[in-house]
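# Summary of the model geometry
Chain by chain, the residues:
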Amino acid sequence: MDVSKHKIKDLPVSAFELLQGNTEAKREEIATPSLTFLQDSWRRLKKNKAAVLSMAALGIIIFISVVTIFVSPHNPTQQNVEYINLPPRIPGLNVDGLNGKTEVAGQMVDKYKEAAVPANVNFFLGTDGLGRDVLSRLFMGTRISLLIAFIAALFDITLGVIYGLISGLIGGRVDNVMQRFLEVLSGIPNLVVMILMLVVFKPGIISIVAAMAITNWIPMARIVRAQTLKLKDQEYVLAGMTLGEPKWRIALKHILPNISSVIIIQMMFSIPSAIFFEAFLSFIGLGLTPPSASLGTLLNDGYKTFLYLPYLLWIPAITISVIMICFNLLADGVRDAFDPKMKE
């Protein structure tokens, strides 16, 4: 101990650093940059690999769906009876089932050669029973299914959010009447609503959207109402009411920003539900009508010839499965990112 003291005494004065008189500001300095709520949520979302991959896959699907409006391998509605039920043919890929050959009576037969298809004409996913290109119809069907799903999400944001905010913020007798109205609507099955829409409109996008506009926004309205009832007793909302601020401004400035994460999460879950609803209606013949295509109509066409042309069913089935799985994984990731309880 004496040796260490002796060594310290032998150190020159220049070896010591003078302590500043006030170091409180330096000690309180934030080492990491401050993040907003959205930045912090995006940081947590990026850590979810499944959500990031799903978002990338959905981005690619949406991009292809939009681009193929202007550029498509073939006309998706053009019929050619000379090229009916051709198997897929991908240039440069000599694999049975993907090179234009199919098995007939135990032997591989070149269907393209039998149909006298030119060498420069290829159908990457084959043709259907009317000679239409399956790949082009798949692009068209995916585009229409996504369009209907995003329209349903738009109705969720407008009707559901506005209805829920009004019901929860006003409360009392108005809230009671509005909730009884929701119970009446929710008691009507979606299929019955769709059949009633067919009485007014022709089968197609308008009838499907009208059916969704009547019932699909109810879960969003209930969730927004519950969150509004939870926040309306907070101090900042009560302070705004005390100062005489209008309720519509309180809803827009204080309540809506604080429940935006819940709205986004619910909207993300409603999109795959809308895709499945449209596919189900089109599959049973209550949705789109030919020559328009959606994933549901492609499934309807494919199951009829599943035993000898299975690819006509597998292609749209895999597509709708991938889209719904990606949307659900992304919705789970968004929910975990926006939930403060999920922070590390």
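Rules used in this analysis
- Residues numbered from 1 in each chain as written.
- Predicted model: local features only at pLDDT ≥ 70, side-chain atom pairs only at ≥ 80, totals over all residues.
- Heavy atoms only, no water.
- UniProt positions renumbered as here; feature names shortened; annotations may be inferred.
- Helix = DSSP H or I, 4+ residues; strand = E, 2+ residues; numbered from the N terminus.
- Rg over C-alpha atoms; globule rule 2.2 N^0.38 Å.
- Buried < 20%, exposed > 50% of the residue type's maximum accessible area, 1.4 Å probe, protein only.
- Contact = heavy atoms within 4.5 Å.
- Areas by Shrake-Rupley, 256 points an atom, 1.4 Å probe, with all protein chains shown as cover.
- Lys, Arg positive; Asp, Glu negative; His and termini not counted.
- Charge placed at Lys NZ, Arg CZ, Asp CG, Glu CD.
- Pairing = 2+ DSSP bridges.
- Salt bridge = Lys/Arg side-chain N within 4 Å of Asp/Glu carboxyl O.
- pLDDT = per-residue confidence, 0-100.
- Arc of directions from axis to C-beta.
- Core = buried A, V, L, I, M, F, W, Y, C linked by side-chain atoms within 4.5 Å.
- Axes fitted to C-alpha atoms, helices over the stretch in contact; angles between N-to-C directions.
- Left-handed = near helix turned anticlockwise from the far one by under 90°.
- Nonpolar A, V, L, I, M, F, W, Y, C, P; charged D, E, K, R; others polar.
- Patch = residues over 30% accessible without salt bridge, like charges linked within 9 Å, V, L, I, M, F, W, Y side chains within 5 Å.
- Parallel < 35°, antiparallel > 145°, perpendicular 65-115°, else oblique.

In the nomenclature of an unreviewed UniProt entry, the protein is known as Oligopeptide ABC transporter, permease OppC of Candidatus Enterococcus ferrettii. UniProt's Subcellular location (unreviewed entry) comment on the protein is quoted here verbatim: "Cell membrane". According to the UniProt record, the Sequence similarities (unreviewed entry) comment for the protein reads "Belongs to the binding-protein-dependent transport system permease family. OppBC subfamily."

This part is about the overall build of the protein. The number of helices and strands found in the protein is 15 helices and two strands. In terms of overall size, the protein is more extended than a compact globule, its C-alpha atoms giving a radius of gyration of 30 Å where 344 residues would be expected to give roughly 20 Å. The buried share of the protein, reckoned over its 344 residues, is 39%. Partitioning the contacts of the protein with sequence separation of at least 6, the portion at a separation of at least 24 is 73%. Roughly 20300 Å² of accessible area belongs to the protein as shown, and the carbon and sulfur atoms make up 66% of that amount. Seen as two clouds, the 31 positive and the 26 negative side-chain charges of the protein have centres 4 Å apart.

Below, the discussion takes up the pairing of strand E1 (residues 101-104). Examined bridge by bridge, E1 and strand E2 (residues 107-110) share four bridges and lie antiparallel to one another. Looking at the pairing, Glu-103 lines up with Met-108 of E2. If you look at the hairpin formed by E1 and E2, you'll find two residues sitting between the two strands, and Ala-105 has a positive phi there, around 55°.

Here the focus is the pattern of salt bridges. One pass over the full model with this rule turns up seven salt bridges. The salt bridge involving Asp-175 is made with Arg-225; its shortest N-O contact spans 2.7 Å. Here Asp-175, found in helix H7 (residues 172-186), pairs with Arg-225, found in helix H10 (residues 218-231); they are 50 residues apart in sequence, far enough to count as distant. The class of Asp-175 is buried, set by a relative accessible area of 9%. Note on Arg-225: relative accessible area 21%, which makes it partly exposed.

Okay, the confidence of the model for the protein next. Summary statistics for the protein give a mean pLDDT of 82 and a share of 90% for residues scoring 70 or more. For the protein, helix H1 (residues 2-10) is the element with the lowest average pLDDT, namely 59, and helix H4 (residues 49-67) is the one with the highest, namely 91.

Here we come to the side chain of Ser-54. Relative to the assigned elements, Ser-54 resides in helix H4. Taking the relative accessible area as the measure of exposure, Ser-54 reaches 3% and is therefore buried.

Turn by turn, an α-helix covers 3.6 residues, leaving residues three or four places apart pointing in a common direction. Among the residues making up helix H8 (residues 190-200), those that are buried are Val-193, Met-194 and Met-197. The arc that holds the buried residues of H8, viewed along the axis, is 100°, so those residues lie on one side. Contact partners of the buried residues in H8: helix H9 (205-215) and helix H13 (260-283).

Formed by 59 residues in total, the largest nonpolar core has its most connected members in Ile-255, Ile-275 and Phe-327. Counting residues per element, this core draws most heavily on helix H15 (residues 311-338), at 13 residues.

This paragraph deals with the packing of helix H6 (residues 134-170) against H15. Viewed as axis vectors pointing N to C, H6 and H15 meet at an angle of 35°, and their least axial separation amounts to 11 Å. The element H6 and its partner H15 pack so that their crossing is right-handed. Along its contact with H6, which presents Val-134, Leu-138, Thr-142, Leu-146 and Phe-150, the element H15 presents Leu-312, Ile-315, Pro-316, Thr-319, Ile-323 and Phe-327. The residue inventory of the contact of H6 with H15, partitioned by class, reads nine nonpolar, two polar and no charged.

Where nonpolar side chains cluster on the molecular surface, the patch consists of Ile-60, Phe-63, Ile-64, Val-66, Val-67, Ile-69, Phe-70 and Val-71 and spans about 800 Å² of accessible area. By the secondary structure assignment, Phe-63 is in helix H4.

This part covers the packing of H4 against H15. At a closest axis distance of 8 Å, the pairing of H4 and H15 adopts a crossing angle of 135°. On the basis of the axis angle, H4 is oblique to H15. When the axes of H4 and H15 are compared, the crossing they make is left-handed. Facing Ala-50, Ala-51, Ser-54, Met-55, Ala-57, Leu-58 and Ile-61 of H4, the residues of H15 in contact are Val-322, Ile-323, Cys-326, Phe-327, Leu-329, Leu-330 and Gly-333. Residues of the contact of H4 with H15, tallied by class, amount to 12 nonpolar, two polar and no charged.

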